2 protein chains.
Amino acid sequence: MEKNVLVLGGGMIGSAVAQDFRERGGAKVTVADIRQESLARISARTGAAVLRADVSDLAVLEEAVRPFDLVVGALPSALGFRTLRALIEAGKDCVDLSFMPEDAFDLDALAQERGVTAVVDCGVAPGVSNMMVGYAASRLDVREDVLIYVGGLPVQRRWPFDYKAPFAPHDVIEEYTRPARFVEHGRIVVKEALSEPELVDFAGVGTLEAFNTDGLRSLLRTVDATRMKEKTLRYPGHVELMRAFRETGFFSKAAVDVGGQAVRPLDLTAAILFPKWSFEDGEADLTVLRVVVEGRRGASRERHSWDLLDYFDPESGLRSMSRVTAFPAAIVTRFLAEGRFCKPGVHAPEALGAMPGLLDLVLNELRARGIEVGGSVVMPEPAEDASSRRSPSRA
Amino acid sequence: MEKNVLVLGGGMIGSAVAQDFRERGGAKVTVADIRQESLARISARTGAAVLRADVSDLAVLEEAVRPFDLVVGALPSALGFRTLRALIEAGKDCVDLSFMPEDAFDLDALAQERGVTAVVDCGVAPGVSNMMVGYAASRLDVREDVLIYVGGLPVQRRWPFDYKAPFAPHDVIEEYTRPARFVEHGRIVVKEALSEPELVDFAGVGTLEAFNTDGLRSLLRTVDATRMKEKTLRYPGHVELMRAFRETGFFSKAAVDVGGQAVRPLDLTAAILFPKWSFEDGEADLTVLRVVVEGRRGASRERHSWDLLDYFDPESGLRSMSRVTAFPAAIVTRFLAEGRFCKPGVHAPEALGAMPGLLDLVLNELRARGIEVGGSVVMPEPAEDASSRRSPSRA
């Protein structure tokens, strides 16, 4: 029998989840939101059942989820942690897309105790990227390099930003200021956001610029690697402008006296960037993701790599960032509904990637939705050979 | 007998005027200011007499100037016009460095009536640049091209601005936003500030970037030329960042709602730029000026050009911007004191440049103060010859 799925939040992501179930079936979906106009739009566009409710009220939430088998969380990140805890306490399996700042693993013991399977961070990166890393990490005996590049961009570049934001400028600027955690020599190191810019070519997109941001999240804990980093991609030049903005003080949270008023520069900056960074109706965006994992398997080296590329879909009206975030969550929700993944506890997507065959299933489902994903495994020559070639006289 | 000169304003410029008279004589100088600490510093450094008075009060001003033969105005630009009018009404010859936004020529009739000789805009540009243009314009029958490049810069470039401001950021940003008036085809045209950037080489400084600003002032009225423009110089890259700031809205005077407070972005920007654009104690600046005037004299073409270059003087502690602004005014004040220039009315410096021998005198005085000024006159081949060379078959 078809399962009943409740999607919490009828924003861009929640409505894209509903749209995926409408087009491809697999569960009966209801979308809960406080905003009547969002619900009306979702109802008209996806045929999903809707439920007007303020699910930020935990008593309302508990009542709302009762009739459902599964829950997809697509609420703002500030609500993510307490919502997840409430879902686990209510005994509901769930897939979370809130990208909460807190550590969801703090709820792992509770989820095991309640017999709840919860998958968090189930978008594109974090999300698909974690599955790719989880897959490769499970294949390798020694994980030497884990590298993730990801970016969401407008298709058309416009001066001076060459960028528009699929979410509020505050959240983007947070990425541009929060210190970035990476792994070097097997240990976590912290680097300045926006540092170490480098140019990288992507087939179909051209040259982009990658720079440090804090995006590894659960991978810092779940994957044991010598080196690991995630970098954000933008069109070349954007990062230099953002560095100049930050250096000037436009991203500062420390209030400045302006004619007797205390003003946080960040708040003004976010306010004036909002209209400039908003996509216009029907404006096309794209998402690009590259994951490279290299290490040793027995005596040989292996390098696993994937490139993902996706565009705005004019037919559905869904922006690429909504597609690549919502579709993995919808696919994983079906796995939970079908019992393919049932393991009480809180899991990040790398746990699914490590399960035999599961990554291929996910990637094929993404391809069926028009997302381009290519992957390859190569076996570079062992380092020993390379070094001996450099000293032929030793032969 | 030595004349008595009153300098209004004991800021950077006023104190540099006093310092010049201390070192080179020519008049007995008194500096008037409301700020006791400025007067104490001037007294200690220049030996000038000081007068504590609020000369923004016109009754106080009238009383203060009574015993003096000549007045140098070095007050903020907002006070410039009404101060000049009061000086003229009091019958005092004067040299003004307030760079007022109003049109000083509106006081010309009054000055003629009162028999007062007033010279305004008597710094480097406007100032020396006007004298150069006035000289060349008086030599030529037809003035075709008048071009002025000017910039005040820190000697050391530091990311991201490659710039520090010798005056408040508000005034610099005003230059970056006010539409720029030029002459093309003999008519005044208006262009966007910061537009038409071009790279220009200066011996001793390297490559700078010149862009449109509104700096021609009196020349728009006094010189009849086919083409005339003034451009501001910065290290390359600065203008692109300023264009991005302006495009983002950081220079806007329209209030933005920031969490319920109405904030003018320009005010916040000026507040956070102020410490970043301030010169440190003893930090070296430089001033660079290029003036090129080309036209016809009888049947032949002439191109007059000058390059001026000046640096911070560690001995006197005077920044170059103070030197190149104050010294021309001090030199012209001596001309007035000596009766070399006595012509009731309000004059811009191009009127002095047009007087035989006067420009050379000024430039030699500047050279004596360590300011490098080079000039040349060349006679390019007439345009007719060039065009006939391009079509040799016509010969």
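Residues numbered from 1 in each chain as written. Chains lettered and ligands numbered in written order. Predicted model: local features only at pLDDT ≥ 70, side-chain atom pairs only at ≥ 80, totals over all residues. Heavy atoms only, no water.

**With respect to the confidence of the model for chain A**
Residues and elements named next belong to chain A. Across chain A, the average pLDDT comes to 95, with 96% of residues at 70 or higher. A low-confidence stretch, residues 385-395 stays under pLDDT 50, and its non-local contacts, those more than four residues away or across chains, total 1 contact. For this predicted complex, the interface confidence comes out at an ipTM of 0.88, alongside a pTM of 0.91. (pLDDT = per-residue confidence, 0-100. Contact = heavy atoms within 4.5 Å.)

**Focus on the relation of the copies chain A and chain B**
For these two chains of identical sequence, chain A goes onto chain B by a turn of 180° and a shift of 0.1 Å along the axis, with RMSD 0.1 Å. Both copies of the chain, as the preceding transformation shows, are related through a two-fold rotation axis. Same-surface contact between copies: 100% of interface residues of chain A are shared with the interface of chain B. (Least-squares fit on C-alpha atoms with pLDDT ≥ 70 in both.)

**Regarding the state of the cysteines**
Residues and elements named next belong to chain A. Under the criterion given, the structure shown has 0 disulfides over all chains. Cys94 provides the cysteine sulfur closest to Cys122, a residue in no disulfide bond, and the two sulfurs are 11 Å apart. A residue is classified by how much of its surface remains accessible, and Cys122, at 0% relative accessible area, is buried. (Disulfide = S-S within 2.5 Å. Buried < 20%, exposed > 50% of the residue type's maximum accessible area, 1.4 Å probe, protein only.)

**Side note on the packing of helix α1 (residues 12-24) of chain B against helix α11 (residues 320-337) of chain B**
All names here are of chain B. Interhelical geometry of α1 versus α11 gives an angle of 55° and a closest axis separation of 8 Å. Relative to α11, α1 is oriented oblique. Relative to α11, α1 is oriented so that their crossing is right-handed. Contact residues: α1 offers Met12, Ile13, Ala16, Val17, Asp20, Phe21 and Arg24, while α11 offers Met321, Ser322, Thr325, Ala326, Phe327, Ala330, Thr333 and Arg334. Its residues assigned to classes, the contact of α1 with α11 shows 9 nonpolar, 3 polar and 3 charged. (Axes fitted to C-alpha atoms, helices over the stretch in contact; angles between N-to-C directions. Helix = DSSP H or I, 4+ residues; strand = E, 2+ residues; numbered from the N terminus. Parallel < 35°, antiparallel > 145°, perpendicular 65-115°, else oblique. Left-handed = near helix turned anticlockwise from the far one by under 90°. Nonpolar A, V, L, I, M, F, W, Y, C, P; charged D, E, K, R; others polar.)

**Let's talk about the sheet that holds strand β5 (residues 93-96) of chain A**
All names here are of chain A. Pairing is parallel in the open sheet, where 7 strands are placed in the order β3-β2-β1-β4-β5-β6-β17. Two strands close off the open sheet at either side, each with one partner strand: β3 (49-52) and β17 (345-347). In this sheet, neighbouring strand axes are inclined to one another by 20° on average, regardless of whether the strands run parallel or antiparallel. One ladder, built from 2 bridges, connects β5 with strand β6 (residues 117-119); its direction is parallel. The partner of Val95 across the bridge, within β6, is Val119. (Pairing = 2+ DSSP bridges.)

**Re the interface of chain A and chain B**
With 26 residues of chain A in contact, the opposing surface of chain B contributes 26 residues. Carbon and sulfur atoms make up 75% of the surface buried where chain A meets chain B, a total of about 2,300 Å² over both sides. Along the contact surface separating chain A from chain B lie 0 salt bridges. Between the two partners, chain A and chain B, sit 6 residue pairs in polar contact (both at pLDDT 80 or more). Elements represented by at least two residues in the side of chain A that touches chain B include exactly α9 (238-248), β13 (256-258), β14 (261-263) and α10 (265-277) of chain A. In terms of residues, the side of chain A that touches chain B owes the most to one element, α10(A), which gives 8 residues. Residue composition of the side of chain A that touches chain B, by class: 16 nonpolar, 4 polar and 6 charged. (Buried area = accessible area lost by both parts, 1.4 Å probe. Salt bridge = Lys/Arg side-chain N within 4 Å of Asp/Glu carboxyl O. Polar contact = N/O pair within 3.5 Å; in protein donor to acceptor, adjacent residues only side chain to side chain.)

**Observations regarding the side chain of B:Ser15**
Take B:Ser15: it is sitting in helix α1. Once residues lying within four places of it in the same chain are set aside, the contact partners of B:Ser15 are B:Gly10, B:Ile42 and B:Thr46.

**Description of the side chain of B:Arg234**
All names here are of chain B. Mapped onto the fold, Arg234 is located in strand β12 (residues 225-234). Salt bridges are absent for the buried Arg234, whose nearest opposite-charge side chain, Glu175, sits at 4.1 Å. With residues up to four places along the chain from it excluded, the contact list for Arg234 reads Gly151, Gly152, Leu153, Tyr163, Val172, Glu175, Tyr176, Leu208, Glu209 and Phe211. (Lys, Arg positive; Asp, Glu negative; His and termini not counted.)

**A look at the pairing of strand β3 (residues 49-52) of chain B**
One ladder, built from 4 bridges, connects strand β2 (residues 27-33) of chain B with β3(B); its direction is parallel. Residue pairing in the sheet places B:Val31 in a bridge with B:Val50 of β3(B).

**Side note on the packing of aromatic side chains**
Residues and elements named next belong to chain B. If you walk through the whole model with that rule in mind, you get 20 aromatic pairs over all chains. Each ring, one from Tyr135 and one from Trp306, has its centre 6.1 Å from the other, and the planes form 80°; the classification is edge-to-face. One end of the pair, Tyr135, is in helix α6 (residues 128-139); the other, Trp306, is in strand β16 (residues 300-311), and 171 residues separate them in sequence. For Trp306, a relative accessible area of 8% gives the class buried. Consider the rings of Phe161 and Trp277, whose centres lie 5.8 Å apart with planes at 80°: the pair is edge-to-face. (Phe/Tyr/Trp six-rings, centres within 6.5 Å; stacked < 30°, edge-to-face > 60°.)

**A short note on helix α2 (residues 36-46) of chain B**
All names here are of chain B. Every buried residue of α2 is accounted for by Ser38, Leu39, Ile42 and Thr46. All buried residues of α2 project into a common sector of 95° when viewed along the axis, lining one side. The exposed residues of α2 that point more than 90 degrees off its buried face are Glu37 and Ala44. The elements touched by buried residues of α2 are α1, β2 and β3. A positive phi of about 70° marks Gly47, the residue just after α2. (Arc of directions from axis to C-beta.)

**Here's the deal with the pairing of strand β7 (residues 142-154) of chain A**
Residues and elements named next belong to chain A. Within β7, 11 of the 13 residues are buried, leaving the element largely enclosed by the surrounding structure. Pairing of β7 with strand β15 (residues 285-297) involves 12 bridges; the strand directions are antiparallel. When the bridges of β15 are listed, Asp145 appears paired with Glu294. The pairing of β7 with strand β12 (residues 225-234) spans 7 bridges and is parallel. Looking at β12, one finds that Val146 is bridged to Met228.

**Re the sheet that holds strand β17 (residues 345-347) of chain B**
Residues and elements named next belong to chain B. Overall, parallel pairing links the 7 strands, which are arranged β3-β2-β1-β4-β5-β6-β17 in an open sheet. The open sheet is flanked by β3 and β17, the only strands paired with a single partner. Mean inter-strand twist for the sheet, computed between neighbouring axes without regard to direction, equals 20°. Along the sheet, α1 contacts β1 (3-8), β2 and β4 (70-73); its crossing angle with β2, the most-contacted strand, is approximately 160°. α2 contacts β2 and β3 of the sheet and is inclined by roughly 175° relative to β3.

**A short note on helix α11 (residues 320-337) of chain A**
Residues and elements named next belong to chain A. If you check α11, its first and last C-alpha atoms are 25 Å apart, about what 18 residues at 1.5 Å a residue would give, namely 26 Å. The buried count for α11 comes to 18 of 18 residues, which makes it a mostly enclosed element. Backbone geometry just after α11 places Gly339 at a positive phi near 75°. (Expected span 1.5 Å × (residues − 1).)

**Topic: unusual backbone geometry**
With an omega dihedral of 10°, the bond running from A:Ala125 to A:Pro126 counts as a cis peptide bond. Counting through the fold element by element, A:Pro126 comes out in the loop between β6 and α6 (128-139). For the bond from B:Trp159 to B:Pro160, the omega torsion is 0°, close enough to zero to count as cis. Relative to the elements of secondary structure, B:Pro160 occurs in the loop between β7 (142-154) and α7 (169-177). With a phi close to 50°, A:Asp162 is a non-glycine residue in the positive phi region. Judged by its relative accessible area of 13%, A:Asp162 falls in the buried class. At A:His185, a position not held by glycine, the phi torsion is positive, near 50°. Assignment of secondary structure puts A:His185 in the loop between β8 (180-184) and β9 (187-191).

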